[in-house]
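Given next are the chains, with one letter for each unit.
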Amino acid sequence: MNAPVLLCLGWAVLATGFSGVALARLLRVRRGGSFTGVRSAQGLRGSMETSTLRSTEQSAAVLCAQPAGSRLHSEDVLAPRDEEPPTEDLRPQLAQHHLRLEEALAPRGEESPTDALWPQSTQSLLRPEDALAPRKEESPTEDLRSQSAQSHLRPEEALAPRSQDLPVESVRSQPAQSLLRPEEALTLRSQEVPVESPRTPPSVLLLRPVDAPTPRELENLALPIEYAGALEQVVVSPYRPRLAPGVRWLPSDPLTPNRKVGHLLYALETLPTEGRVVLSIDADVAVTGTLVEGLVSPLVRGAALSTAAPTPVDVRDGAGRAMAGLLRYTHHSFLALHAMSAGAKAVCGKALGLSPEAMESLKSLADHIGEDLELSKRLHARGLDVALSDAPAVVPLGDIGAWEVPLSRFTRWMRVLASHRPALYPTVPLLFTPTVPLVLLAALLGSPVLSLAVVSLVGVRALLALRLAVLGAPRAAGVRDASLGHALTDWLLGEMLLLTAFVISLGRQGMVTWRGRTYALLPGGRMVRVSPELTGGPG
């Protein structure tokens, strides 16, 4: 085996391992689950309530199996039972034998009062609900003397959760035939555990920065947003576009190199933000209430910045399929990038949730391109969290037309990446787009071992594309999305598009043309405009 084959084989193994790790991490993420590893408060409440209900039902089952006069301890109630309860006839016990009710209910490891239950008349029934009912206020220990033969304790009070430790009243015990009947204990399953009422969703200020909206973007701005809380949508642009009722326009014509950041800074200085969650979503995104909630929730849980993965839909031509394939089915999907990020998280600026810390950091990025990458890097350096929304940012594409549109966009991305993360720039052909070069090299070198390694790489990449297609599928009603089978072919189109953009970006390194003007890129993405005669545009 010669040196070229060995080099190509090592490349194939490295790329396959990289894809395998990404696939393994994404397999642990369920659709609609959190990518941040933070469970919602509602989810935690639900788990605690389920655990409490099961524990009380377990306690009831144990109480059913005990004689009225036998001694019952809390560890007997809470410990897992490996045997069936005894079924023999329960004989009357001596009056001195008593049931420690407070021990049956007290949490394990805590001391509880030891008041005894004294025998009562032979016809009375001990109903657990009165015995276990929560006490609203402390009362001194009392001996409850003989009760009438028909006195009852309701089951729902027996298994109600105790809100505080209180002295347990000494109740005279029932005779041997007074037992907690299993059928009474089972009726407790129908009792609802009180659940805390949901809080009102926070108020949202939704900013939509745009310079010259296209017809498709005007359609997106007119879409209704179903959000349970208060939401104000403000379009920030130099000229007033046609807007739907309820959408506000804020005139803005910034002079900063990054006009989007200039629009946002002006809006944040002009509009009240106190008590509101601030979101910034581009006009080419079709905003839904699900997306708004997905961006708001991480901020409420303490994240400094939230973002959403751009998800192109309504693809109608080859250029659009290549863009969708790259952003949805390859390692360049922000779902995969987020899962594989070792340091600062990958962020897409199309949809952002901004905390006060993020808004403060944004003030120094008006002369940066790739402000989303730099913002994530600065927040990460301060130990602040960047979260990915569970809901995608749906971007309707329609007819793209010329391939020049996606090529120019991703070529600019490659140059921005070289400015922001120079160490990651060489990994684009090595790890992100290796399939086509390795297929060609395997055919040229004719090595069976190398061919097998390349086949393995293609298989793992196809599985990764399918997993990303499932996780990133839009759940909004009325969205025209591609079938799952497109993931098996479009991921390869996406890799070819990114590889071509990378090759083009090798020329004119450190220069980028954006919005008709040419800028020199400094480390961190800072832009310095070059002389007007080099731009071909207005001076």
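Predicted model, so just to flag it, every value in this text is computed and none were measured. (Residues numbered from 1 in each chain as written. Predicted model: local features only at pLDDT ≥ 70, side-chain atom pairs only at ≥ 80, totals over all residues. Heavy atoms only, no water.)

**Q** Got a sec to walk through the pattern of salt bridges? Specific residues and values, please.
**A** Pairing is possible between side chains that carry opposite charge, provided their charged atoms lie close to one another. According to the stated counting rule, one finds twelve salt bridges in the structure shown. A salt bridge links Arg216 to Asp314; the shortest N-O distance between them is 2.9 Å. On the criterion of sequence distance, the pair formed by Arg216 in helix α8 (residues 215-221) and Asp314 in strand β8 (residues 310-315) is long-range, its members being 98 residues apart. Residue Asp314 is classed as buried on the basis of its relative accessible area of 9%. The partner of Arg316 in a salt bridge is Asp314, and the shortest N-O contact between them spans 3.0 Å. Because the salt bridges share partners, they merge into one network encompassing Asp211, Asp253 and Arg259. (Salt bridge = Lys/Arg side-chain N within 4 Å of Asp/Glu carboxyl O. Helix = DSSP H or I, 4+ residues; strand = E, 2+ residues; numbered from the N terminus. Buried < 20%, exposed > 50% of the residue type's maximum accessible area, 1.4 Å probe, protein only.)

**Q** Outline the pairing of strand β12 (residues 511-514), supporting the account with residue identities and numerical values.
**A** Side chains Val512 and Trp514 project from β12 onto a buried face, and the interleaved Met511 and Thr513 project onto a face without burial. As judged from the four bridges shared by β12 and strand β13 (residues 517-522), these two strands associate in the antiparallel manner. Looking at the pairing, Met511 lines up with Ala520 of β13. Connecting β12 to the antiparallel partner β13 that follows it, the hairpin turn spans two residues, and Arg515 within it adopts a positive phi of roughly 55 degrees. (Pairing = 2+ DSSP bridges.)

**Q** Would you mind going over the sheet that holds strand β4 (residues 231-237) in detail, with residue names and values included?
**A** What the seven strands build is an open sheet, ordered β5-β4-β3-β6-β9-β7-β10; its pairing is mixed. Edge positions in the sheet fall to β5 (247-251) and β10 (386-388), since each has one partner strand and no second. On average, adjacent strands in this sheet sit at an angle of 25 degrees to one another, irrespective of strand direction. Where strand β7 (residues 305-307) meets strand β9 (residues 351-354), three bridges bridge the pair, whose relative direction is antiparallel. Pairing of Leu305 across the sheet is with Leu354, part of β9. Its contacts with the sheet put helix α10 (residues 289-300) on β3 (203-209), β4, β6 (276-281), β7, β9 and β10, and the angle it makes with β6 is roughly 125 degrees. (Axes fitted to C-alpha atoms, helices over the stretch in contact; angles between N-to-C directions. Contact = heavy atoms within 4.5 Å.)

**Q** Pulling in residues and values, what's your account of the confidence of the model for the protein?
**A** Of all residues in the protein, 66% have pLDDT values of 70 or greater, and the mean over the chain is 75. Across residues 185-197, where pLDDT falls below 50, the model places 14 contacts with residues more than four positions away in sequence or in other chains. Of the regions scoring below 50 in pLDDT, residues 533-539 engages in ten contacts with residues more than four places distant in sequence or in other chains. (pLDDT = per-residue confidence, 0-100.)

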